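# Geometric and topological summary
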Amino acid sequence: MREHDFSGPTTVRRDRRRFDDDEPHFLKRGRLEPALTEEPDLPETGDRWSTWDGALHGPHPRPDWVRTEHAAVDTELGILKTGKEADVFLVRRAVPGTDRTSMLAAKRYRDGEHRLFNRDAGYLEGRRVRRSREMRAMANRTSFGKELIAGQWAEAEFAALSRLWQVGATSGLVRVPYPVQLAGTELMLEFVGDWETGAGAPRLAQLRPDLDELTVLWGQLVDAVSVLARAQVAHGDLSPYNLLVHDGRLVLIDLPQIVDVIANPRGGEFLARDVRNVACWFTARGLPVDADDLIERLSVEAGLR
Ligand SMILES: Nc1ncnc2c1ncn2[C@@H]1O[C@H](COP(=O)(O)OP(=O)(O)O)[C@@H](O)[C@H]1O
Ligand SMILES: [Mg+2]
């Protein structure tokens, strides 16, 4: 245990509860509330102590690069992307004075406007019904309600990545970033890119692959969506912007809206839209692919036909 965990005037107290027992668990977990002190508890290097301890952890088997040490510190290296619903930051988590380093993408959901209510209500169909007090808070957009919404997107993406990562680990047919941890509205993922330079892997949309490369990438895409279909899910927002290409491999990202194609009455539509979005891009780049044929096969695999 590190020195700073003892209570004292400079201690950061973890898990002091601000909400009553009725609140969902994910908001209690990982909440940091500074003690009443002028001097925050900060490590000698880096920006903050690793938030691993208070967070929900990713699935097993855990990759060996995941830093679980109490002595690890987080350093913010910059912004990867700002968006309407979330901002993504590059963070180094390392044990100072050692070579035990990891590079993480921290996706922080904003508690501003979210597509939960204002974009596509179809996503919600078939999901569990929430308690009415929470529904009211979200519908009325109280600050608590907004934080709930942001937290639910983070939680949904964490669950989707955890599930797909495990499927990928066994089948080898689908790749997603390893979900390291979830704390409140922040999700921390394996950084897909160059860990030395901090350069992120390009999105498929930015690339101009030749015909051979296109053929290989399309094959990987077919494998990935087939695995999803067999798990009876669709990405829900698949596009050349939500596919990274790293070391010649397609990596699926951005999964908070993953769709259960059986429970959701529009599941088949989401599946078809995902395929068409990506098939269009391949066709426009010079590899004519048959979207309808793939949609038909996936629908059968998913049990929709
Ligand atoms: N794990 C990751 N590794 C590297 N870059 C990432 C990672 N996750 C996200 N990014 C970068 O951040 C961008 C936005 O992330 P994304 O999950 O698509 O969120 P959104 O599109 O909702 O803003 C991506 O296009 C990618 O460039
Ligand atoms: Mg995206």
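On a predicted model such as this, the values are computed, not experimentally measured, just so you know.

## Quick notes on the overall build of the protein chain
Secondary structure summary: the protein chain contains seven helices and 13 strands in total. Taken across its 305 residues, the protein chain has 50% of its residues classed as buried. Looking at the protein chain alone, contacts between residues at least 24 apart form 65% of all its contacts between residues at least 6 apart. On the protein chain, roughly 15,100 Å² of surface is accessible, and the fraction owed to carbon and sulfur atoms is 51%.

## Observations concerning helix α3 (residues 132–139)
The complete set of buried residues in α3 reads Glu134, Ala137 and Met138. Projected onto a plane normal to the axis of α3, the buried residues spread over an arc of 95 degrees and lie on a single side. Where α3 ends, the next residue or the one after it, Arg141, has phi of about 55 degrees, a positive value.

## Some words on unusual backbone geometry
His60 connects to Pro61 through a cis peptide bond whose omega is -5 degrees. Looking at the secondary structure, you find Pro61 in the loop between β4 (56–57) and β5 (73–82). Phi at Gln232 takes a positive value of approximately 60 degrees, unusual for a residue other than glycine. Looking at where Gln232 falls in the secondary structure, it is placed in the loop between α5 (211–230) and β10 (233–234).

## Section: the pattern of salt bridges
Scanning all chains against the criterion turns up 15 salt bridges. A cluster of three or more residues bridged by salt bridges with shared partners is formed by Arg48, Asp74, Glu76, Arg93, Arg108 and Glu186.

## As for the sheet that holds strand β8 (residues 179–183)
Spatially, β3-β5-β6-β7-β9-β8-β4 is the arrangement adopted by the seven strands of the open sheet, whose pairing is antiparallel. With partners counted over all chains shown, the strands left at the sheet margins are β3 (48–49) and β4, one partner each. Of the strand pairs in this sheet, β3 and β5 are connected by two bridges, and their pairing is antiparallel. Across the sheet, residue Trp49 finds its bridge partner in β5, namely Val73. Helix α4 (residues 143–171) rests against β4, β7 (101–109), β8 and β9 (186–190) of the sheet, and its axis sits at about 155 degrees to β8.

## Let's talk about the site of ligand 1
The environment of ligand 1 is made up of 14 residues, and the closest members are Lys107, Glu190, Val192, Arg203 and Asp254. One of the side-chain nitrogen or oxygen atoms of Lys81 is found 3.2 Å away from an oxygen atom of ligand 1. In the model, a nitrogen atom of ligand 1 is placed 2.9 Å from a nitrogen or oxygen of the Glu190 main chain. When ligand 1 is considered free in solution it has 540 Å² of accessible area, and contact with the protein chains removes 91% of it. Taking a 2 Å distance to the grid points as the criterion, the majority of the atoms of ligand 1 fall inside the largest pocket. Among the residues forming the shell around ligand 1, the class breakdown is eight nonpolar, one polar and five charged.

## Quick look at the coordination of the magnesium ion (ligand 2)
At 2.2 Å from the magnesium ion (ligand 2) lie its protein donor atoms, namely Asn242 (OD1) and Asp254 (OD). Placement of Asn242 in the loop between β10 and β11 (243–246) and of Asp254 in the loop between β12 (249–252) and β13 (259–260) is noted, with a sequence separation of 12 residues between them. As far as burial versus exposure is concerned, Asn242 and Asp254 are alike and both buried.

## Digging into the environment of Leu148
With respect to the helices and strands, Leu148 occurs in helix α4. Separated by 36 residues in sequence, Leu148 and Gly184 place their C-alpha atoms 9.0 Å apart.

## Section: empty space enclosed by the protein
Tallied over the full model, the rule gives two cavities of 30 Å³ or more. Roughly 60 Å³ of volume is contained in the largest cavity. What lines the largest cavity is simply Val225, Leu228, Ala229, Val233, Ala234, His235, Leu238, Leu271, Asp274 and Leu298. Listed by contribution, the elements that provide at least two residues to the lining of the largest cavity are α5, β10 and α6 (267–284). Here the lining of the largest cavity gets three residues from one element, more than from any other, and that element is α5. Looking at the lining of the largest cavity residue by residue, the classes come out as eight nonpolar, one polar and one charged. Around the second largest cavity sit Leu173, Val174, Arg175, Gln220, Ala224, Arg249, Leu250 and Leu252, which together line it. Looking at the lining of the second largest cavity, the elements with two or more residues in it are α5 and β12. Of the residues forming the lining of the second largest cavity, the biggest block, three residues, is contributed by β12. The class makeup of the residues in the lining of the second largest cavity is five nonpolar, one polar and two charged.

Criteria and thresholds
Residues numbered from 1 in each chain as written. Chains lettered and ligands numbered in written order. Predicted model: local features only at pLDDT ≥ 70, side-chain atom pairs only at ≥ 80, totals over all residues. Heavy atoms only, no water. Helix = DSSP H or I, 4+ residues; strand = E, 2+ residues; numbered from the N terminus. Buried < 20%, exposed > 50% of the residue type's maximum accessible area, 1.4 Å probe, protein only. Contact = heavy atoms within 4.5 Å. Areas by Shrake-Rupley, 256 points an atom, 1.4 Å probe, with all protein chains shown as cover. Arc of directions from axis to C-beta. Salt bridge = Lys/Arg side-chain N within 4 Å of Asp/Glu carboxyl O. Pairing = 2+ DSSP bridges. Axes fitted to C-alpha atoms, helices over the stretch in contact; angles between N-to-C directions. Near = heavy atom within 4 Å. Polar contact = N/O pair within 3.5 Å; in protein donor to acceptor, adjacent residues only side chain to side chain. 1 Å grid on protein atoms, 1.4 Å probe; cavity = no way out; pocket = protein on both sides within 12 Å on 5 of 7 lines; lining within 4 Å. Sits in = over half its atoms within 2 Å of the grid points. Nonpolar A, V, L, I, M, F, W, Y, C, P; charged D, E, K, R; others polar. Donors = N, O, S within 2.8 Å, 3.2 Å for Na, K, Ca; no water. Points joined across faces, edges and corners; volume = space filled by probe spheres on them.

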